[in-house]
Amino acid sequence: MASPAAATVAQRIAQALPQMTRSQRQLADHVLERPLQVATQPIDELAATVGVSVATANRFARVLGFDGYARFRAELVRGFEPLVAPVVRLRGNLAQPTTVADVFAMALEESQHNIAATRQALDRASCEAAVARVLGARTVFIAGYGASAWLAGLLQHGLDAYCADVRLLPSMSGVTHGARALSRGGSRDLLVALSFPRYLTDTVALTEIARSHGVGVLALTDRPSSPVAPLADVVLYAQTETRYRPNCETSVLALIEALTSAVALRTPQALRAASGVVHAVMPWLHGAQDLRINHMPKIKQASPSRAPAAKKKRP
């Protein structure tokens, strides 16, 4: 379903189509087919893409009732803000003269700022509730798609040592695998949903399925207006603003590490669990092979016993 902004522009195009020139109709077709792309393009790029003049693009905007291309594009952008904002921001930053070293420094500063903002926004009650939900769950399902799939995998890796059953829902079979798994869940289970701009419908759909089956929901997201926030029982927020990418994953990773550390703190016999993991993976740790051999219990070999002498048969 089109956004209200896209629908408004589409309606204007439909009304003005009879009075458009051939070139303007080319523009109209392009806008209707690629509204998101057009929303991120300045007028000269749009004109070059379609193969018309800048003046034609301006006249096209006026035919639709706008006083110029800038107003037309602003109307088209409305409703697409979460999608186009990173592209517009990147375009502006790339236009500014800078060096690679400056970008390194700015990216690191952004990570520091986002982690500090995430820490400042932490709610103690939500932190306690999140840990209690994780440790109290029979099965912990983890959902995150797109860039969040990598973060979901790191969360699964961190919780695996302390939870009896942790399942990563993104898989080769797609979102339907997660839907099937959650349909067998219940009130004793938990879904951890990771969703950040640009929010993917897969994560939102699985969160809705979890709610419909009584599965508890812990959301890791960026703001209360996130589509998964109102569906969650507990929400942990991470600040993710950045100049050069859609999101800063550093702060999300820091939040994941904080969550898994707190789970370890509250896990009964956490030290034994961690030691068991180390022992299990020791054969694959570089430099640990000799240590493993030296500490293996020696197996005593039984001395060969003499078999009783066979009795001679009497002739």
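Each value, and the rule that gives it
- Residues numbered from 1 in each chain as written.
- Predicted model: local features only at pLDDT ≥ 70, side-chain atom pairs only at ≥ 80, totals over all residues.
- Heavy atoms only, no water.
- Axes fitted to C-alpha atoms, helices over the stretch in contact; angles between N-to-C directions.
- Helix = DSSP H or I, 4+ residues; strand = E, 2+ residues; numbered from the N terminus.
- Parallel < 35°, antiparallel > 145°, perpendicular 65-115°, else oblique.
- Left-handed = near helix turned anticlockwise from the far one by under 90°.
- Contact = heavy atoms within 4.5 Å.
- Nonpolar A, V, L, I, M, F, W, Y, C, P; charged D, E, K, R; others polar.
- Buried < 20%, exposed > 50% of the residue type's maximum accessible area, 1.4 Å probe, protein only.
- Polar contact = N/O pair within 3.5 Å; in protein donor to acceptor, adjacent residues only side chain to side chain.
- 1 Å grid on protein atoms, 1.4 Å probe; cavity = no way out; pocket = protein on both sides within 12 Å on 5 of 7 lines; lining within 4 Å.
- Points joined across faces, edges and corners; volume = space filled by probe spheres on them.
- Pairing = 2+ DSSP bridges.

> Now, about the packing of helix H11 (residues 175-183) against helix H12 (residues 201-212): what can you tell me, with residues and values included?
With their axes 9 Å apart at the nearest point, H11 and H12 run at an angle of 10 degrees to one another. With respect to H12, the element H11 is oriented roughly parallel. Every pair of crossing elements has a handedness; the one defined by H11 and H12 is right-handed. Packed against H11, whose contacting residues are Val175, Gly178, Ala179 and Leu182, the element H12 presents Asp202, Leu206, Ile209 and Ala210 at the interface. When the residues that make up the contact of H11 with H12 are grouped by side-chain class, the tally is six nonpolar, one polar and one charged.

> I'd like a description of the side chain of Thr242, backed by residues and values.
As for its placement among the helices and strands, Thr242 is situated in the loop between strand S5 (234-237) and helix H13 (249-266). Judged by its relative accessible area of 4%, Thr242 falls in the buried class. At 2.7 Å, the side chain of Thr242 forms a polar contact with the side chain of Glu110.

> Account for the layout of surface pockets, with residues named and values stated.
In this structure, the largest pocket spans a volume of roughly 260 Å³. Counting only elements with at least two residues in the lining of the largest pocket, the list comes to helix H9 (124-136) and H13. Considering each element in turn, the lining of the largest pocket owes the most residues, six residues, to H13. Each residue belonging to the lining of the largest pocket can be placed in one class, and the counts come to 10 nonpolar, no polar and three charged.

> Can you tell me about the packing of helix H2 (residues 22-33) against helix H4 (residues 43-50), naming the residues and giving the values?
For the pair H2 and H4, the least separation of the axes is 10 Å and the interaxial angle reads 105 degrees. Comparing the axis directions of H2 and H4 gives the class roughly perpendicular. Contacts from Gln26, Leu27 and His30 in H2 reach Leu46, Thr49 and Val50 in H4.

> Pulling in residues and values, what's your account of the sheet that holds strand S2 (residues 166-168)?
Read from one edge of the open sheet, five strands run S2-S1-S3-S4-S5, paired in parallel fashion. The open sheet terminates on both sides in strands that have one partner only, identified here as S2 and S5. The sheet shows a mean angle of 20 degrees between the axes of neighbouring strands, direction not considered. When strand S4 (residues 216-221) meets S5, the two strands line up parallel, connected through four bridges.

> With reference to specific residues and values, describe the environment of His30.
Along the chain, His30 turns up in helix H2. Residue classification places His30 among the buried residues on the basis of a relative accessible area of 9%. Separated by 16 residues in the primary sequence, His30 and Leu46 place their C-alpha atoms 9.2 Å from one another. In contact with His30, other than residues within four places in its own chain, are Gln37, Val38, Gln41, Leu46, Thr49 and Val50.

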